[in-house]
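The chain contents come next:
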Amino acid sequence: MRASLNEAQTKAASAGTRIVMIGILPTLMPEHLSRDGWMSESSRYAALNESIFSARGEDIPIHISGPEPLSWEAVTIAPESACTSMQLHLQVAPADFAPNWNAAQVMAGPQLALGANSPYFFGHQLWSETRIEVFSQSTDTRPEELKTQGVRPRVWFGERWIGSILDLFKENIRYFPSLLNELSDEDPAAELTAGRIPHLSELRLHNGTVDRWNRPVYDVLEVDGVGRPHLQLENRVLPAGPTVIDMLANSAFYYGTLRTLSEQENPLWTKMSFAAAHHNFLEAARHGMDTVLHWPELGEMTATKLVLDTLLPIADEGLRSWGVDVEVRDRFLGVIEGRAKAGRNGASWQVATVRALQDSGLTRRAALAEMLRRYCDHMHANEPVHTWPC
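Below: a short report on this structure. Remember, it's a predicted structure, so these values are computed and weren't measured experimentally.

We now examine the environment of Asp187. With respect to the helices and strands, Asp187 occurs in the loop between α6 (165-175) and α7 (188-193). Overall, the relative accessible area of 41% leaves Asp187 in the partly exposed class. With 12 residues separating them in the primary sequence, Asp187 and His199 have C-alpha atoms 9.6 Å apart.

What follows is the structure, given as structure tokens:
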């Protein structure tokens, strides 16, 4: 990963710029999204932009609470492009999908509290992980009257535990009209009868326009001319950054906890309401490391205490089940432990650094730019974020 980033940085430098792994670029301002050329030359994105605004029939209001609340109106889905995520995939057998998805939903709150890295948008200090709300609002196809009628948002946590992956695809059909109307000539039943694997391109295209934070993925890989179908659980909760080692630690923590929780005889989701899991997720996005979470049999407790006392041993057990060597487990889970003990993630480091710079006399914009310069240097040094000086 470092080699790939170094190559990308070299190419970026040739154009007089730099790359950065971060949830939202803190120096991004409204004028950057009002110019022509913010959208890549993909007909898919242009079609999505047109479809979302056709469905809404009006501009998109962006209203985000926080220490410095923001109200703004978007005339395109450009704010979506501010959001940079880290996506983790797990290939699973059909029978194993539901327990893994349920476990991922349970873990979304603690996962986000640990990894939040997007406290600024348009110069305002908002949520610890503002990316969650920017992404949700900037792609919302519902005008106000449809929201009050209970129409579901396309960026969606969900509303119930599932018993099968089919529950999610059925929800897609029931709740979300198609945004991109493309039809293939494939007859799935005929393909199966002929002994071939259907690609289900309409299902896959439609599923790609429903932005669940934990999303089902069906795909077909061609191997020697033979289609091999597979299912994946796509975890979209985390922002990018701050460093490769932090992102690998986040990955180890996620895959370890998921393995253990999904295989428990009395799984957590049988003791926890879905609404509580959703509440944990939103509270973690708002407050990051300072979040108070609800956990079955433990009640209300801080995210850091939950991680240190309960979740790290669960993650270690899961990684051991995956066959991960003890040295590797200790290295990456040690980063998570250090972050929890320090109470510092990317978001809290950004806020503390900007405050210190403003206290020294810099304006907010200058402080954001200087913070970002230091962030880039630390990112390339690849030391965990909880060790960074402000």
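Don't stop here, the text continues.
Below, the discussion takes up the environment of His380. Structurally, His380 can be placed in helix α14 (residues 364-381). By relative accessible area, which is 26% here, His380 ends up partly exposed. Dropping the residues within four chain positions of it, His380 is found in contact with Arg2, Gln9, Arg18 and Ile19.

This next bit is on the side chain of Arg154. With respect to the element layout, Arg154 can be found in the loop between α5 (144-148) and β6 (155-156). Of the buried charged residues, Arg154 lacks a salt bridge, with Asp211 as the closest side chain of opposite charge at 6.6 Å. Among the polar contacts listed, one links the side chain of Arg154 to the side chain of Thr209, at a separation of 3.0 Å. If sequence neighbours within four positions are ignored, Arg154 has contacts with Thr141, Phe176, Pro177, Leu179, His206, Thr209, Val210, Asp211 and Arg212.

A word on the nonpolar core. Counting residues in hydrophobic clusters, the biggest one holds 90 residues, and the most contacted among them are Phe97, Phe121, Trp213, Phe253, Phe281, Val307 and Leu311. Look past the residues within four positions of Phe281 in its chain and what remains in contact with it is Ala108, Gly109, Leu112, Ile132, Phe157, Trp213 and Val237. By size, the runner-up hydrophobic cluster in this structure holds 15 residues, among which are Met29, Met371, Cys376 and Trp388.

If you want to describe how two helices pack, look at the angle between their axes and the distance between the axes. The contact between helix α3 (residues 94-115) and helix α9 (residues 244-262) brings their axes to 9 Å, and the two run at 145°. In the crossing of α3 with α9, the sense of the turn from one axis to the other is right-handed. From α3, Pro99, Asn100, Ala103, Ala104, Met107, Gln111, Leu114 and Gly115 reach across to α9, where they touch Asn250, Phe253, Tyr254, Thr257, Leu258, Leu261 and Ser262.

With that settled, the discussion passes to the pattern of salt bridges. This model, assessed by the stated rule, comprises 26 salt bridges. Within the structure, one salt-bridge network assembled from shared partners comprises Arg18, Glu370, Arg373, Arg374 and Asp377.

The terminal C-alpha atoms of helix α13 (residues 346-359), which comprises 14 residues, lie 20 Å apart, in line with the 20 Å expected from a rise of 1.5 Å per residue. Of the surrounding elements, those touching the buried residues of α13 are β4 (120-121), β5 (124-125) and α14. Just past α13, the residue Gly361 takes up positive phi, approximately 115°.

Okay, unusual backbone geometry next. One can expect most non-glycine residues to show negative phi and most peptide bonds to be in trans. The step from Gly241 to Pro242 runs through a cis peptide bond, and the omega angle for that step is -5°. Its location among the elements puts Pro242 in the loop between β9 (226-239) and α9. Phi is positive for Phe122, which is not a glycine, with a value near 55°. Notably, Glu297 is not glycine yet its phi reads approximately 70°, a positive angle. Its place among the elements puts Glu297 in the loop between β10 (292-295) and β11 (299-302). Residue Glu297 is classed as exposed on the basis of its relative accessible area, which comes to 70%.

Right, let's get into the packing of aromatic side chains. Going through the model one piece at a time under the given rule, you end up with 15 aromatic pairs. On the numbers, 3.9 Å between centres and 20° between planes, the contact of Phe121 with Phe122 is stacked. Here Trp349 and Tyr375 contribute two aromatic rings whose centre-to-centre distance is 6.2 Å and whose plane-to-plane angle is 55°, an arrangement assigned as tilted. Of the two residues, Trp349 is situated in helix α13 and Tyr375 in helix α14; the sequence distance between them amounts to 26 residues. Three or more aromatic residues joined by ring pairs form one cluster here, namely Trp101, Phe135, Phe157, Trp161, Trp213, Phe274 and Phe281. Sitting above the plane of the Tyr175 ring, Arg174 keeps its charged end 5.4 Å from the centroid. A cation sits over an aromatic face here: Arg259 above Trp322, 4.4 Å from the ring centre.

Scoring rules and cut-offs
Residues numbered from 1 in each chain as written. Predicted model: local features only at pLDDT ≥ 70, side-chain atom pairs only at ≥ 80, totals over all residues. Heavy atoms only, no water. Helix = DSSP H or I, 4+ residues; strand = E, 2+ residues; numbered from the N terminus. Buried < 20%, exposed > 50% of the residue type's maximum accessible area, 1.4 Å probe, protein only. Contact = heavy atoms within 4.5 Å. Lys, Arg positive; Asp, Glu negative; His and termini not counted. Salt bridge = Lys/Arg side-chain N within 4 Å of Asp/Glu carboxyl O. Polar contact = N/O pair within 3.5 Å; in protein donor to acceptor, adjacent residues only side chain to side chain. Core = buried A, V, L, I, M, F, W, Y, C linked by side-chain atoms within 4.5 Å. Axes fitted to C-alpha atoms, helices over the stretch in contact; angles between N-to-C directions. Left-handed = near helix turned anticlockwise from the far one by under 90°. Expected span 1.5 Å × (residues − 1). Phe/Tyr/Trp six-rings, centres within 6.5 Å; stacked < 30°, edge-to-face > 60°. Lys NZ or Arg CZ within 6 Å of the ring centre and 35° of its normal.

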